[in-house]
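A structural walkthrough
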Amino acid sequence: MPERERPAKPVSHSFVEMTELVLPNDTNQLGNLLGGRLMHWVDISGALAAGRHSNRIAVTASVDEMNFLGPVKLGQVVHLKASVNRAFNTSMEVGVRVDVEDIKTGDTRRVNTAYLTFVAIDDFGRGVKVPEVLPETPDQKRRFEAAGRRRELRLARKQELMRLAQSTNHE
């Protein structure tokens, strides 16, 4: 099917859930999950969601920010839930929610939320048009609208950073 004729897809089509057990190799000297390891898992779950939506390999273009809301300890279970919030031309914003579960108590809590931008690519590494997203629930519609605003902020920040880089090069 030609790229421009791909039908829109519901958010649920891109949903990915990953579960990881925090092992000794995943932790720092305090027995806490390494931030970089969590970032790696977030990136993988986001790429899978973007790939499901686009039916393409999707590469990371940017990460808005990652807020670590509390430690994750050795032996705890990390649950990552990712889905495409909104699709633009060749890019998609993916939201990833990270919860931790303590196996001994059954308690769960949110430890991270992240927004990443992925670009779908063809076999030659060029960006390709992605299907639109169809938000269905009130929460999906809210995330869809918020993704549009975050994109505006991302683009404005990118322009400002380019302006700053150019002014620094002329000094």
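So, a few notes on the structure that sits alongside this text. (Residues numbered from 1 in each chain as written. Predicted model: local features only at pLDDT ≥ 70, side-chain atom pairs only at ≥ 80, totals over all residues. Heavy atoms only, no water.)

What follows is about the overall build of the chain. A tally of helices and strands in the chain yields two helices and seven strands. Listed N to C, the secondary structure of the chain is β-β-α-β-β-β-β-β-α in terms of helices and strands. Its C-alpha atoms give the chain principal-axis dimensions of about 50 × 50 × 35 Å. Per-residue burial over the chain gives 37% buried out of 171 residues. (Helix = DSSP H or I, 4+ residues; strand = E, 2+ residues; numbered from the N terminus. Buried < 20%, exposed > 50% of the residue type's maximum accessible area, 1.4 Å probe, protein only.)

Attention now goes to the packing of aromatic side chains. This structure, assessed with the given rule, holds zero aromatic pairs. One Lys or Arg, Arg86, reaches over the ring of Phe144 and ends 4.1 Å from the middle of that ring. (Phe/Tyr/Trp six-rings, centres within 6.5 Å; stacked < 30°, edge-to-face > 60°. Lys NZ or Arg CZ within 6 Å of the ring centre and 35° of its normal.)

This brings us to the side chain of Asp99. Structurally, Asp99 can be placed in strand S5 (residues 91-101). On the accessibility criterion, Asp99 (11% relative accessible area) is buried. Among the polar contacts listed, one links the side chain of Asp99 to the side chain of Arg97, at a separation of 2.9 Å. Apart from the residues lying within four places of it in its own chain, the contact partners of Asp99 are Val77, Val78, His79, Arg109, Arg110 and Val111. (Polar contact = N/O pair within 3.5 Å; in protein donor to acceptor, adjacent residues only side chain to side chain. Contact = heavy atoms within 4.5 Å.)

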